[in-house]
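Commentary on secondary and tertiary structure
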Amino acid sequence: MAARIPQAASQRSVLKICVICEGYEEYEYMQRLAEIGAWNPIYAIDLVNAKGNGNIPARYQDRYQNGDYDAVFAFCDTDQKPFEPYDEIKRKINVFHGVDGAADEVVVFGNPCTMQIIILHWRNIILESHKKNFNAPILEEVLHIRGYRARADQRERLFRNVTNRNFWKMYERVRGLPGKDTILGSSNFGKFIDRMRDSSGEWTRAFNEFLI
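Scope of this entry: the structure provided in the associated data block. The numbering scheme is per chain: residues are counted from 1 as the chain's sequence reads. The predicted origin of the model limits local features to residues at a pLDDT of at least 70 and limits the giving and counting of side-chain atom pairs to 80 or more, whereas totals for whole chains, interfaces and linings rest on all residues. Excluding hydrogens and water, the side-chain figures rest on all heavy atoms present in the structure.

Broken down by element type, the protein carries 10 helices and five strands. Radius of gyration here uses only the C-alpha atoms, and the compact-globule reference equals 2.2 Å multiplied by the residue count raised to the power 0.38. At 17 Å, the protein has a C-alpha radius of gyration in line with the 17 Å of a compact globule built from 212 residues. Each principal axis of the C-alpha atoms in the protein carries an extent, and together these give about 50 × 35 × 30 Å. Counting across all 212 residues of the protein, residues that qualify as buried make up 51%. On the protein, roughly 10000 Å² of surface is accessible, and the fraction owed to carbon and sulfur atoms is 46%. Neither His nor the chain ends is counted toward charge; the positive residues are Lys and Arg and the negative residues Asp and Glu. Every charge is mapped to an atom, namely NZ of Lys, CZ of Arg, CG of Asp or CD of Glu. Counting 29 positive and 28 negative side-chain charges, the protein places the averaged centre of each group 4 Å from the other. The helix count covers DSSP runs of H or I at least four residues long, the strand count covers runs of E at least two residues long, and both are numbered beginning at the N terminus. Buried, partly exposed and exposed residues are distinguished by accessible area as a fraction of the type maximum, computed with a 1.4 Å probe on protein chains only: under 20%, between the cut-offs, and over 50%, respectively. Accessible surface area values rest on a Shrake-Rupley calculation with a 1.4 Å probe, where residue burial reflects the displayed protein chains alone.

Bringing empty space enclosed by the protein into the picture now. Using only the protein atoms, space was sampled on a 1 Å grid; points where a 1.4 Å probe fits but cannot get out form cavities, open sets with protein on both sides within 12 Å along at least five of seven lines form pockets, and lining residues are those with an atom within 4 Å of a point. Grid points are joined across faces, edges and corners, and a volume is the space filled by probe spheres set on the points. A complete count under the given rule lists one cavity of 30 Å³ or more for this structure. In this structure, the largest cavity occupies an estimated 40 Å³ of space. Considering the residues around the largest cavity, the lining is formed by Phe73, Asp104, Glu105, Val108, Asn188, Lys191, Phe192 and Arg195. Per element, the largest residue contribution to the lining of the largest cavity is three residues, and it comes from helix α9 (residues 189-197). When residues are sorted by character, Ala, Val, Leu, Ile, Met, Phe, Trp, Tyr, Cys and Pro go into the nonpolar class, Asp, Glu, Lys and Arg into the charged class, and all the rest, Gly among them, into the polar class. Each residue belonging to the lining of the largest cavity can be placed in one class, and the counts come to three nonpolar, one polar and four charged.

It is worth spelling out the pairing of strand β3 (residues 71-77) at this point. Counting buried positions along β3 yields seven of seven residues, so the element is predominantly enclosed. In β3, alternate side chains face the same way, and those of Ala71, Phe73, Phe75 and Asp77 on one face and Val72, Ala74 and Cys76 on the other are all buried. Across five bridges, strand β1 (residues 15-21) lies against β3 in parallel orientation. What sits directly across from Ile17, in β3, is Ala71. Strand pairing is assigned whenever DSSP identifies at least 2 bridges connecting the two strands.

Pro112 follows Asn111 through a cis peptide bond whose omega is 10 degrees. Along the chain, the position of Pro112 falls in the loop between β4 (107-111) and α5 (115-118). Residues other than glycine seldom take positive phi values, yet Lys51 does so here, at roughly 55 degrees. If you trace the backbone, Lys51 turns up in the loop between β2 (43-49) and α2 (56-66). Of note in the backbone geometry, His144 takes a positive phi value of approximately 60 degrees without being a glycine. Take His144: it is sitting in the loop between α6 (132-143) and α7 (152-160).

Attention now goes to the pairing of β2. Summarising the sheet, β1 and β2 pair through seven bridges and their orientation is parallel. Note on β2: the bridge partner recorded for Lys16 is Ala44. Note on handedness: a crossover is taken as right-handed if, strands pointing away from the viewer, the path from the first strand over the helix to the second is clockwise. Crossover β1 to β2 through helix α1 (residues 24-35) is right-handed.

Looking now at the sheet that holds strand β5 (residues 186-187). With mixed pairing, the five strands of this open sheet are ordered in space as β2-β1-β3-β4-β5. The outermost strands of the open sheet, each flanked by one partner alone, are β2 and β5. Pairing between β4 and β5: two bridges, direction antiparallel. Each residue of the ladder has a partner; that of Gly110, found in β5, is Ser187. Contacting β3 and β4, helix α3 (residues 84-97) runs over the sheet at an angle of about 165 degrees to β4. Pairs of residues are marked as contacts when any of their non-hydrogen atoms sit within 4.5 Å. For helices, the fitted line uses only the C-alpha atoms of the stretch in contact; every axis is such a line through C-alpha atoms, and the angle between N-to-C directions lies from 0 to 180 degrees.

Running from amino to carboxyl end, helix α8 (residues 164-175) crosses α9 at an angle of 125 degrees, the nearest separation of the two axes being 8 Å. In terms of orientation, α8 lies oblique with respect to α9. Of α9, the residues touching α8 (which contributes Phe167, Trp168, Met170, Tyr171, Val174 and Arg175) are Phe189, Gly190, Ile193, Asp194 and Arg197. Looking at side-chain class alone, the contact of α8 with α9 contains seven nonpolar, one polar and three charged residues. Angles below 35 degrees are treated as roughly parallel, those above 145 as roughly antiparallel, those between 65 and 115 as roughly perpendicular, and all remaining angles as oblique.

Now for the pattern of salt bridges. Salt bridges are identified by distance alone: a Lys or Arg side-chain nitrogen within 4 Å of an Asp or Glu carboxyl oxygen. Under the definition given, this model contains 16 salt bridges. The shortest N-O distance in the salt bridge between Arg151 and Asp153 comes to 3.1 Å. We classify Asp153 as partly exposed; its relative accessible area is 42%. Residues participating in the shared-partner salt-bridge network are Lys90, Asp104 and Asp181.

In structure tokens, the structure reads:
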């Protein structure tokens, strides 16, 4: 049985949110969104780099049981069929909470990959693959980053181009994507944005009640 996030947390003037990021792309993207002021200031967002999808369930359980957060999320790729690593993350989160569908609330995803969300800052494109060599020509065309392999210098150039202005373009585009994670070109990142921009924080109460 999962430890319950303390009720006292909902009485804070600043709500503490934890996001377990699959890897460096997710982690640095979330960092950049905070830098450009994408989120409502009532949220203090703590990011954790899991450094691999296999580490997400353990990191999630640790932060949730810590009891110091008003909400804990996992942010990761679906990759492509048969979705085995992604489905295992969801299964473990559901088992941890003992609630069917818990992972559907907790996991923030991009199908086929997080780049599906990121690319929407500049173009309304549906990616057909999670593979970096497949998507590299698109990034070269859009941002003039040659041979993108997610190296540190390439990630720095990529996220430097994320601005408050194109954040709103991404937001409108990502909200138009399907929300079912088995559909190519889908994401629930729009729902996550809505939560992180909500000025009341009331969603955290229903969110946590569902998980227990």
